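# Observations on chain architecture
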Protein chains: 2
Amino acid sequence: MRKKIVLSAAFALSVTQMAMAAQPEKPKTRPSAEIIKAAPAGDWREIDPADLLVMTLAPDSSGKPRQVIIQLLPAPISQGWIGNMRKLAAAHWWDNGAVYRVQDNWVAQFGDPDEDTPQAKPLPSGLAKVPQSDYLLRAFAAPEYINPGRDAYAPHTGIDMGFHMAFDDSHVWPTHCYGSVGVGRNNAPDTGMGAELYAVIGTPPRQLDRNIAVVGRVIEGIEHLSSLPRAPGNGMYNDKAKNTPILSIRLGNELPPADQPHLEYLSSASASFRDYVNARVNRHDDFIIYAPGSADICNIPIPIRRKG
Amino acid sequence: MRKKIVLSAAFALSVTQMAMAAQPEKPKTRPSAEIIKAAPAGDWREIDPADLLVMTLAPDSSGKPRQVIIQLLPAPISQGWIGNMRKLAAAHWWDNGAVYRVQDNWVAQFGDPDEDTPQAKPLPSGLAKVPQSDYLLRAFAAPEYINPGRDAYAPHTGIDMGFHMAFDDSHVWPTHCYGSVGVGRNNAPDTGMGAELYAVIGTPPRQLDRNIAVVGRVIEGIEHLSSLPRAPGNGMYNDKAKNTPILSIRLGNELPPADQPHLEYLSSASASFRDYVNARVNRHDDFIIYAPGSADICNIPIPIRRKG
């Protein structure tokens, strides 16, 4: 009986083989890494060092340096919190702060570990109280790249100026994806100042979109946050010895010229970007046997590289 | 001018306040943690210890034990690889293996670090070569809980027997979510034996659905994999000193009775589960100002607890 089934399968296979001989095989897609590598210089956009936050953590247990680079939402899509963050960086307010909360499949949070205690570090003067309306970007424009993939959280999604976005007929807002940086706050939506920040280190928590402000995303060194030890419950270490000290956070343009990071992203308006997404969602090669044809917005990494 | 804007905003607010006084405020949702806690005993289903793989890693640098528990797809939705994994566990094949690959926002992979080298550990006899058709579950049945959220990868999604699923009109398959455990393979889809496994530690890589077999999910101790140091590129450490040794992997029912884990999940067929999902996607409380109304399938955690 077993043998018969094998024979039938062999027969079926030979029919398939004949059919394949008669019609050409579906062409293989180019590897997306190759498309990125071949993208012309004009398809890349340099990130102004003034739109970068460079966080230096204490070296790891083997003495290796740890640097995390955050790209801030640039003008004209920037929001009020980012002005506060520029002031906090210029005042060196985060220096001697810490990563004090790491919750698995959720966030790594950093700022002042004494926040909400009598020892809290005073904020510099001149910070703005940012209204709830800033959870949406101030100007409406459809993103440069519109993602055809269906989304559980918004009517439409896309990528614009190096950021994952969601939008409806009248508003655009940045989404919570892996690496997204958001502004911690208390209950009232205007209580976040931009001093306490978190980076997403798990499943995109898209339910936070429009509830907490996304102000940037980690574009280098996320592993220094995502590999930190987890704490149980809400991830607060509640033990200063477990915090990871922040040596400094600086705006990229406030670093000495030789230390300023020069990074660029693949423009979501470019043909290379469209080819890259197409090669991802329709991937067909020796390994992949099924292509979904579309992707979740957070599952379209935006290619980033060091310039030059 | 600035003052006028403030005055207008204050006026607008008072109108809103009057409107709110005239009609009752939208009721607050119960916290989902409270719904889980209040779920009657009958809404929970015990996981047969025979459907658990218990992985004991070498203690961490401070001497703390590290245990990772994987729930296997149970009968009748189990697939061929799981039979192999039972044999590998019974043969103690994974003992003295390692976690040898950790790629950020991708996977932690474990098994035989010498795989694909002349020193590779021979597999026990009697393992099945599992056909590509097993990437889909053998029997079609719509999941117990059907998720109304739109999905970029499949016509429908849901939750069944403690697992996140996707389905179309004729097939069901398990999805790649955070914590999902899959079977590493070479190019041909039937080359995965179940010896080399990976756990997802980042954005759900749903493009792997139907391309690689999902056989289970980490239900306890994922932080012991997700907080491991990352390696660059494809995440291979390529340095045995950096591997995390596996002391043992056992089926739950092969452990001494006192060590057998007794875990249960909230049945996706229960009213408590529906209430829990509803409270998540329509959350309305002192903190949340916008409820999306639906969720991505991988963003609906399946409640798990120790029994008793």
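Keep in mind it's a predicted model, so treat the numbers as computed, not measured.

## Concerning the sheet that holds strand β11 (residues 197-200) of chain B
All names here are of chain B. With antiparallel pairing, 8 strands are arranged side by side around a closed barrel as β2-β3-β12-β10-β11-β5-β4-β13. Averaged over all adjacent pairs, the angle separating strand axes in this sheet is 35°, with direction ignored. Two elements, strand β4 (residues 98-102) and strand β13 (residues 244-251), share 2 bridges in a ladder whose sense is antiparallel. Paired with Val99 across the two strands is Thr244, which belongs to β13. Packed on one face of the sheet, helix α3 (residues 80-90) meets β2 (52-57), β3 (66-72), β10 (180-183), β11, β12 (214-220) and β13 and runs near 105° to β13.

## Concerning the environment of Arg306(B)
Residue and element names in this part refer to chain B. Tracing the sequence through the fold places Arg306 in strand β15 (residues 304-306). Residue classification places Arg306 among the partly exposed positions, given a relative accessible area of 40%. Note: C-alpha distance between Arg306 and Ile289 (17 residues apart in sequence) is 33 Å. With residues up to four places along the chain from it excluded, the contact list for Arg306 reads Gln67, Ile69, Glu220, Pro261, His262 and Leu263. Within the local environment of Arg306, its side chain forms a polar contact with the side chain of Glu220, the two groups lying 2.7 Å apart.

## Topic: unusual backbone geometry
Residue Pro76(A) follows Ala75(A) across a cis peptide bond; omega there is 5°. Its location among the elements puts Pro76(A) in the loop between β3 (66-72) and α3 (80-90). Despite not being glycine, Asn105(B) shows a phi value in the positive range, around 55°. If you trace the backbone, Asn105(B) turns up in the loop between β4 and β5 (107-111). The exposure class of Asn105(B) is partly exposed, given its relative accessible area of 25%. Not every positive phi belongs to a glycine, and Met161(B) is a case in point at roughly 55°. Tracing the backbone shows Met161(B) in the loop between β7 (156-160) and β8 (163-167).

## Structural notes on the relation of the copies chain B and chain A
Comparison of the two chain copies shows a relationship of rotation about an axis with a shift along it. Between chain B and chain A, which share one sequence, the superposing operator has a rotation angle of 180° and an axial displacement of 0.0 Å; the RMSD is 0.0 Å. The symmetry that links the two subunits is that of a two-fold axis. Considering only C-alpha atoms, the part of chain B nearest the rotation axis is Ser227(B), at 2.0 Å. Take the interface residues of chain B: 100% of them recur as interface residues in chain A, which is what a same-surface contact looks like.

## A word on the pairing of β7(B)
All names here are of chain B. Of all 5 residues making up β7, 4 are buried, and the element is well covered by its neighbours. In this sheet, β7 lies alongside strand β6 (residues 145-147) in antiparallel orientation, the contact comprising 3 bridges. If you follow Tyr145 over to β7, its bridge partner there is Ile159. As paired elements, β7 and β8 share 5 bridges and run antiparallel to each other. Opposite Ile159, over in β8, you have His164 as the bridge partner. The antiparallel pairing of β7 with β8 creates a hairpin that spans 2 residues between the two strands, and Met161 there sits at a positive phi of about 55°.

## Topic: the confidence of the model for chain A
Residues of chain A with pLDDT of at least 70 account for 92%, and the chain-wide mean is 91. The low-confidence segment residues 1-22 of chain A (pLDDT under 50) makes 0 contacts with residues lying over four places distant or belonging to another chain.

## Observations concerning the pattern of salt bridges
Summed over the entire model, instances satisfying the criterion amount to 30 salt bridges over all chains. A salt bridge links Asp104(A) to Arg230(A); its shortest N-O distance comes to 2.8 Å. Linking Asp104(A) in the loop between β4 (98-102) and β5 (107-111) with Arg230(A) in the loop between α4 (223-226) and β13 (244-251), this pair joins segments that are 126 residues apart in sequence. Here Asp104(A) matches Arg230(A) in class, with each residue buried. Linking Asp151(B) and Arg206(B) is a salt bridge whose minimum nitrogen-to-oxygen distance equals 2.8 Å. Of the two residues, Asp151(B) is situated in the loop between β6 and β7 and Arg206(B) in the loop between β11 and β12; the sequence distance between them amounts to 55 residues. As far as burial versus exposure is concerned, Asp151(B) and Arg206(B) are alike and both buried.

## Observations regarding the interface of chain B and chain A
Facing the 46 residues of chain B at the interface are 46 residues of chain A. Here chain B meets chain A over a buried area of about 3,800 Å², counting both sides, of which 50% is carbon and sulfur. Contact with chain A buries surface across chain B, with Arg150(B), Phe287(B) and Ile289(B) losing the most and accounting together for 18% of the total. At the boundary of chain B and chain A, one finds 0 salt bridges. Linking chain B with chain A are 30 residue pairs in polar contact (both at pLDDT 80 or more).

## Section: the side chain of Thr157(B)
Residues and elements named next belong to chain B. Relative to the helices and strands, Thr157 resides in strand β7. Classification of Thr157 as buried rests on a relative accessible area of 1%. Setting aside its immediate chain neighbours within four residues, Thr157 contacts Tyr145, Ile146, Asn147, Gly149, Asp151, Met165, Ala166, Phe167, Arg206 and Ile297.

## Topic: the side chain of Arg250(A)
Residues and elements named next belong to chain A. For Arg250, the location among the structural elements is in strand β13. A distance of 3.2 Å separates the side chain of Arg250 from the side chain of His92, its partner in a polar contact. Those residues within four positions of Arg250 in sequence are excluded, and the remaining contacts are Leu52, Leu53, Val54, Ala89, His92, Asp95 and Leu255.

Rules of the game
Residues numbered from 1 in each chain as written. Chains lettered and ligands numbered in written order. Predicted model: local features only at pLDDT ≥ 70, side-chain atom pairs only at ≥ 80, totals over all residues. Heavy atoms only, no water. Pairing = 2+ DSSP bridges. Helix = DSSP H or I, 4+ residues; strand = E, 2+ residues; numbered from the N terminus. Axes fitted to C-alpha atoms, helices over the stretch in contact; angles between N-to-C directions. Contact = heavy atoms within 4.5 Å. Buried < 20%, exposed > 50% of the residue type's maximum accessible area, 1.4 Å probe, protein only. Polar contact = N/O pair within 3.5 Å; in protein donor to acceptor, adjacent residues only side chain to side chain. Least-squares fit on C-alpha atoms with pLDDT ≥ 70 in both. pLDDT = per-residue confidence, 0-100. Salt bridge = Lys/Arg side-chain N within 4 Å of Asp/Glu carboxyl O. Buried area = accessible area lost by both parts, 1.4 Å probe.

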